[in-house]
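# Notes for the structure review
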Amino acid sequence: MAAKMTTTQSQILVNLSLGLSSQRNLRVDNRVSSSSCEFTRTNRSWALSGLLKNGIGDADGIIIVDHGSRRLESNLMLNEFVKMFKDKTRYLIVEPAHMELAEPSIKDAFSLCVQQGAKRVVVSPFFLFPGRHWHKDIPSLTADAAKEFSGISYLITAPLGLHDLLMDVVNDRIQHCLSHVEGDADECTVCAGTNKCRLYNSS
């Protein structure tokens, strides 16, 4: 059975994703790269006519992309998160993607968004910090995916980064694992059966 995040942790991460969107200032230019986002478009007039006015609309597709893993259970956790995110936000087009090692790829997810009617695709990296994957790999893979479509704009958002809600995620994980070690809580579904959540004694 696929491992799952605890409900509290999943909900915090969904709220984190929503909260981050209110902190990003998006600049309109042919191609803008900054510490927070990258916006690229293939149809300037359409973008300037109101693309950024009203947030996410019916013609927007969202791709939540993680690194990807050889472990099926890890990849399925992204699917679960995307489902929770879509249910909470009510956004019409939300697709998971893995940067490498697993399917669907960014190209697959981009195509699915366009097939569902997206005119703008928002790529949200499910990464903690802005390393090489955010600076180079994801932009390159997204640009490659966008080449197959005309008139489609795309935006690469910031990773999760430093955010107050991340404190809650980390603290929730710590508190739950300590409660389990002390016999006050069951193993979370992520650790269940792995024997990972236990005390080790130094020799």
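Above this note sits the structure.
Summarised in this report is the structure supplied together with it. No experiment lies behind these values; they were computed from the predicted model shown. (Residues numbered from 1 in each chain as written. Predicted model: local features only at pLDDT ≥ 70, side-chain atom pairs only at ≥ 80, totals over all residues. Heavy atoms only, no water.)

This part covers the packing of aromatic side chains. Each aromatic ring pair is summarised here by two numbers: the centre-to-centre distance and the angle between the ring planes. Using the criterion set out here, one finds five aromatic pairs in the structure. Summarising the aromatic geometry, the rings of Phe110 and Tyr154 are spaced 6.3 Å apart at their centres and angled 80° between planes, so their arrangement reads as edge-to-face. Here Phe110, found in helix α4 (residues 106-115), pairs with Tyr154, found in strand β6 (residues 153-156); they are 44 residues apart in sequence, far enough to count as distant. For the pair Phe110 and Tyr154, one class covers both residues: buried. (Phe/Tyr/Trp six-rings, centres within 6.5 Å; stacked < 30°, edge-to-face > 60°. Helix = DSSP H or I, 4+ residues; strand = E, 2+ residues; numbered from the N terminus. Buried < 20%, exposed > 50% of the residue type's maximum accessible area, 1.4 Å probe, protein only.)

What follows concerns helix α5 (residues 132-146). The end-to-end C-alpha distance of α5 is 20 Å, a good match for the 21 Å that 15 residues give at a rise of 1.5 Å each. Along α5, the sharpest change in direction is near 30° and occurs at Ile138; proline Pro139 comes one to four residues later. For α5, the complete set of buried residues consists of Trp134, Asp137, Ile138, Pro139, Thr142, Ala145 and Ala146. (Expected span 1.5 Å × (residues − 1). Bend = angle between axes of the 7 residues up to and from the residue.)

In contact at an axis separation of 9 Å, α4 and α5 are set at 45° when each is read in the N-to-C sense. Of the possible angle classes, the one that applies to α4 and α5 is oblique. Once α4 is placed against α5, the crossing between them reads as right-handed. Contacts from Ile106, Lys107 and Phe110 in α4 reach Ile138, Leu141, Thr142, Asp144, Ala145 and Ala146 in α5. (Axes fitted to C-alpha atoms, helices over the stretch in contact; angles between N-to-C directions. Parallel < 35°, antiparallel > 145°, perpendicular 65-115°, else oblique. Left-handed = near helix turned anticlockwise from the far one by under 90°. Contact = heavy atoms within 4.5 Å.)

The subject of this paragraph is the pattern of salt bridges. Per the counting criterion, the structure on display carries six salt bridges. Of the charged contacts, one joins Lys107 and Asp144 as a salt bridge, the two residues approaching to 3.0 Å between their closest N and O atoms. With Lys107 in helix α4 and Asp144 in helix α5, this pair connects stretches of sequence that are 37 residues apart. Lys107 sits in the partly exposed class, given a relative accessible area of 34%. Several salt bridges share partner residues, and in doing so they unite Lys107, Asp144 and Glu148 into one network. (Salt bridge = Lys/Arg side-chain N within 4 Å of Asp/Glu carboxyl O.)

Moving on, we get to the environment of Arg120. Checked against the element boundaries, Arg120 lands in strand β5 (residues 120-125). Spatially, the C-alpha atom of Arg120 lies 8.5 Å from that of Ile62, the residues being 58 residues apart in sequence.

Here we come to helix α3 (residues 72-89). For α3, spanning 18 residues, the distance from its first C-alpha to its last is 26 Å, which sits close to the expected 26 Å at 1.5 Å a residue. For α3, every residue scored as buried is listed here: Asn75, Met77, Leu78, Phe81, Val82, Phe85 and Thr89. In an axial view of α3, the angular spread of the buried residues amounts to 145°, which keeps them on one side of the axis. Summarising the geometry of α3, the exposed residues directed more than 90 degrees from the buried face are Leu72 and Lys83. Following α3 by one or two positions, Arg90 adopts a phi angle in the positive range, close to 65°. (Arc of directions from axis to C-beta.)

All right, on to the pairing of strand β3 (residues 60-66) then. Among the seven residues in β3, seven count as buried, and that is most of the element. Because side chains alternate across β3, one face comprises the buried residues Asp60, Ile62, Ile64 and Asp66, and the other comprises Gly61, Ile63 and Val65, equally buried. Strand direction decides the pairing type here: β3 and β5, joined by six bridges, are parallel. Each bridged residue has a counterpart across the sheet, and for Asp60 the counterpart in β5 is Arg120. Judged from the six bridges that link them, β3 and strand β4 (residues 93-98) form a sheet pairing that is parallel. Looking at the pairing, Ile62 lines up with Val94 of β4. Between β3 and its parallel partner β4, the chain crosses via α3, and the hand of that crossover is right-handed. (Pairing = 2+ DSSP bridges. Right-handed = clockwise from strand over helix to strand, strands pointing away.)

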